[in-house]
Structure formats: structure tokens, C-alpha cells
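Here are the chains, one letter per residue:
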Amino acid sequence: MYYNASNTLISRDASNASAIIATDRALARSYAPDKHGWSDMGLLQARTGLANALLDVVMKQYIQEGVLVAYSPVQCGNCNDQNLVDPDEERCATCDTVLTEAEASDQVRYRVVQQPMMPIFDPATASDTYDPHCARSRRGP
Ligand SMILES: [Zn+2]
């Protein structure tokens, strides 16, 4: 498990254990050291294969446990960047405008505020720096 909260949730209700295990990993993949790593229902569904209703229940439990904070992302009004951003960020990453006047969206995202207990290897987000182990496996036997 990447989060203690996951063990807590399973000990409370073991019927959701497989959903919790899948979500535990998906949330760890979304964590970023600046605490602005996030996930949303679409991403979580793709990563866990869980039904929306069940995910919704599980997300509320992780919010209660302090792993996640739900928020509505905002859109920068200056550069009209299509990227939605975390309102907790002070400035737009594209044009550096202060985001206090930014327009709220109707979407919901989950900010992953708790650090996983162990690092996760994810080829999709891993850096391009040289890793002898990866280089070997890419060449094949
Ligand atoms: Zn901007």
C-alpha cells in the first residue's frame, strides 16, 4: 500500500478492498512533491477501471482521511490558456498572471496532498535521464 489511509479504509469495510487497492496506486501515481499533483474522475476511471459511483464513494473516504482535497480548477483569464489550473497556485504557469481573478470551472479535481509511503515507478511520468536498468531492458535479450 502507498497510503496508511488505504489500510484504514479496508479494515473498516473489507468489501471495497479491491477498489481501495486500485485507487491507492492511482493516487500515488498522481502525487507530486509540490503537493499540487491531482487526479479527476476520468483519469481515475481509466487507471482503476472502477465504476463512477464506487469511485465517488472511495474519493469521499480518502478526503476524510486527509489524503485528498477536492477543488474546482480555474482558467486563466489573461492568456485564455485551455489548461485548467489549481486555484492554490498563485500564478498562471503560462503567462505568470496572478490567479485571484481567474474564472472557476464546473469541474472537480482531487489534489493529492499526502505523500505516498514509498516511491512509485511509472514509465509514463518517469524522467528521461539515463537509467542503465531501463536501457538494458529496452534493448532486449
Ligand atoms: Zn495565463
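Below: a short report on this structure. (Residues numbered from 1 in each chain as written. Predicted model: local features only at pLDDT ≥ 70, side-chain atom pairs only at ≥ 80, totals over all residues.)

Next up on the list: the nonpolar core. Ranked by internal contacts, the top residues of the largest apolar core, which has 18 residues, are L27, Y62, V67, L68 and V112. Apart from the residues lying within four places of it in its own chain, the contact partners of L27 are Y3, S39, Y62, V67 and V112. C76, V85, C92 and L99 belong to the second-largest nonpolar core, a separate cluster that totals five residues. (Core = buried A, V, L, I, M, F, W, Y, C linked by C-beta atoms within 7 Å. Buried ≥ 20, exposed ≤ 12 C-beta atoms within 10 Å, placed from the backbone. Contact = placed C-beta atoms within 7 Å.)

A word on the environment of T8. Note on placement: T8 falls in helix α1 (residues 4–12). Placed 57 residues apart in sequence, T8 and E65 show a C-alpha to C-alpha distance of 8.8 Å. (Helix = DSSP H or I, 4+ residues; strand = E, 2+ residues; numbered from the N terminus.)

A word on the packing of helix α2 (residues 17–30) against helix α3 (residues 41–48). Interhelical geometry of α2 versus α3 gives an angle of 120° and a closest axis separation of 9 Å. The angle between the axes of α2 and α3 places the two elements in the oblique class. The crossing of α2 and α3 is right-handed. Residues A22, T23 and A26 of α2 lie in contact with α3, whose contacting residues are L44, R47 and T48. Of the residues belonging to the contact of α2 with α3, the class tally is three nonpolar, two polar and one charged. (Axes fitted to C-alpha atoms, helices over the stretch in contact; angles between N-to-C directions. Parallel < 35°, antiparallel > 145°, perpendicular 65-115°, else oblique. Left-handed = near helix turned anticlockwise from the far one by under 90°. Nonpolar A, V, L, I, M, F, W, Y, C, P; charged D, E, K, R; others polar.)

The next subject is the environment of L43. Tracing the backbone through its elements, the reader meets L43 in helix α3. In this structure the C-alpha to C-alpha distance between L43 and A26, which are 17 residues apart in sequence, comes to 8.7 Å.

Here we take up the sheet that holds strand β2 (residues 68–71). Within a beta sheet, neighbouring strands are joined by backbone hydrogen bonds and run either parallel or antiparallel to one another. What the three strands build is an open sheet, ordered β1-β6-β2; its pairing is antiparallel. This sheet does not close on itself; its edge strands, each paired only once, are β1 (38–39) and β2. On top of the sheet, helix α4 (residues 52–64) reaches β2 and β6 (109–112); it is set at about 115° to β2, its chief contact. (Pairing = 2+ DSSP bridges.)

What follows deals with the packing of α1 against α2. Put simply, α1 and α2 touch, their axes get as near as 9 Å, and they point 170° apart. One way to sum up the angle between α1 and α2 is to call them roughly antiparallel. Contacts between α1 and α2 involve S6, L9 and I10 on the former and, on the latter, A17, I20 and D24. Looking at side-chain class alone, the contact of α1 with α2 contains four nonpolar, one polar and one charged residues.

Bear in mind that shape data such as this cannot, by itself, settle questions of function.
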